[in-house]
Amino acid sequence: MSNQLLKDERIFPTPEILHEALVEAYPAYAQFLNMLSESFTGMSFDWRYYKDGKAWLGKGSAGKKTVFWFSVWEGFFKVSFYFTEKTQPGVMNLEISEELKAQSRNAAMVGKLIPLIFDVSEESQLKDLITVMKYKAALK
């Protein structure tokens, strides 16, 4: 079981801190940021310390809409999306791996939302992630 990192409220997640935390997954993070800036005009990515979870989380937003949540773990990062019962079936129509579709189909609801969580440790995982991100960002 991996541990979530970035738990110290006093230490902002700078590129140096993230490099130290992600180690071998850092190139995937750097590519993720690059793809974010290239593919999503108007998308913001901001870090904030959340006292309830006692950790720094990144939040990707398009206007007022939250598109994804970002957290750092030992050796990888998580990008979490949350869909409603109305928008989740659209995930099944995306060109993503069957494994991700099954994960979405079988996910336990969190309140009224259905999570789809990516554990990213290498750049090859970013294609499906960006596909889901584009779908989520385009939702009304």
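As the structure is a prediction and not an experimental result, all values here were calculated from the model.

## Remarks on the layout of surface pockets
Empty space within the largest pocket amounts to approximately 160 Å³. Residue assignment for the lining of the largest pocket shows that the elements contributing at least two residues are α3 (98-106) and β5 (114-120). For the lining of the largest pocket, the element with the highest residue contribution is β5, accounting for 4 residues.

## Observations regarding the confidence of the model for the protein
Per-chain confidence: the protein averages 96 in pLDDT, with 100% of residues scoring 70 or above. Mean pLDDT across the secondary structure elements of the protein bottoms out at helix α2 (residues 26-39), with 94, and peaks at strand β4 (residues 76-83), with 98.

## Observations regarding the environment of A107
Its place among the elements puts A107 in the loop between α3 and β5. With 27 residues separating them along the chain, A107 and K134 place their C-alpha atoms 20 Å apart. Sequence-distant contacts of A107, defined by excluding residues within four places in its chain, comprise I114 and P115.

## Observations concerning the packing of α2 against helix α4 (residues 126-138)
As a packed pair, α2 and α4 sit with axes 11 Å apart at the nearest point and diverge in direction by 35°. In this structure, α2 crosses over α4, and the sense of that crossing is right-handed. Together, A28, Q31, F32, M35, L36 and S39 of α2 and L126, L129, I130, M133 and K134 of α4 make up the contact between the two elements. Looking at the contact of α2 with α4 residue by residue, the class counts come to 8 nonpolar, 2 polar and 1 charged.

## Quick notes on unusual backbone geometry
Even without a glycine there, the phi angle at L6 is positive, about 60°. When you line up the elements, L6 lands in the segment before α1 (15-22). Note on L6: relative accessible area 11%, which makes it buried. In this structure, K54 takes a positive phi of about 50° despite not being glycine. Assignment of secondary structure puts K54 in the loop between β1 (43-50) and β2 (55-62).

## Observations regarding α2
Taking 1.5 Å per residue, 14 residues should reach 20 Å; α2 reaches 20 Å between its end C-alpha atoms and fits that length. Looking only at α2, the buried set comprises Y26, A28, Y29, F32, M35 and L36.

## Points about the sheet that holds β5
Read from one edge of the open sheet, 5 strands run β1-β2-β3-β4-β5, paired in antiparallel fashion. Of all the strands in the sheet, just β1 and β5 have a single pairing partner and so form its edges. Pairwise comparison of adjacent strand axes, ignoring direction, gives a mean angle of 25° for this sheet. Sheet topology note: the β1/β2 ladder contains 8 bridges and is antiparallel.

## A short note on the pairing of strand β3 (residues 65-73)
One ladder, built from 5 bridges, connects β2 with β3; its direction is antiparallel. Among the inter-strand pairings, G60 is bridged to a residue of β3, identified as F68. Connecting β2 to the next strand, β3, in antiparallel fashion are 2 residues, including G63 with a positive phi near 65°. With 5 bridges joining them, β3 and β4 adopt antiparallel strand pairing. Bridge pairing in β4 links V72 to F77. Taking the residues between adjacent antiparallel strands as the criterion, β3 and β4 are bridged by 2 residues, where G75 takes a positive phi near 85°.

Procedures and definitions
In this numbering scheme, every chain counts its residues from 1 along its sequence in written order. Only residues with pLDDT of 70 or above have their local features reported here, since the model is predicted, and side-chain atom pairs are shown and tallied only from 80 upward, although totals for entire chains, interfaces and linings are computed over all residues. With hydrogens and water excluded, all non-hydrogen atoms of the structure serve as input to the side-chain values. Using only the protein atoms, space was sampled on a 1 Å grid; points where a 1.4 Å probe fits but cannot get out form cavities, open sets with protein on both sides within 12 Å along at least five of seven lines form pockets, and lining residues are those with an atom within 4 Å of a point. Grid points are joined across faces, edges and corners, and a volume is the space filled by probe spheres set on the points. Secondary structure is summarised from DSSP: a helix means a run of H or I of at least four residues, a strand means a run of E of at least two, and numbering begins at the N terminus for each. How sure the predictor is of each residue is captured by pLDDT, a score from 0 to 100. Here a residue-residue contact requires only that any non-hydrogen atoms of the pair lie within 4.5 Å. Axis angles are defined between N-to-C directions and span 0 to 180 degrees, where every axis is a line fitted to C-alpha atoms and, for a helix, only to the segment in contact. The handedness criterion is simple: a crossing whose near helix is rotated anticlockwise from the far helix by less than a right angle is left-handed, and one whose near helix is rotated clockwise is right-handed. Residues are grouped as follows: nonpolar covers Ala, Val, Leu, Ile, Met, Phe, Trp, Tyr, Cys and Pro; charged covers Asp, Glu, Lys and Arg; every other residue, Gly included, is treated as polar. Exposure classes here rest on a 1.4 Å probe applied to the protein chains alone. A residue is buried below 20% of its type maximum, exposed above 50%, and partly exposed in between. Expected span of a helix: the number of residues minus one, times 1.5 Å. Paired strands, as defined in this entry, are two strands with at least two bridges between them according to DSSP.

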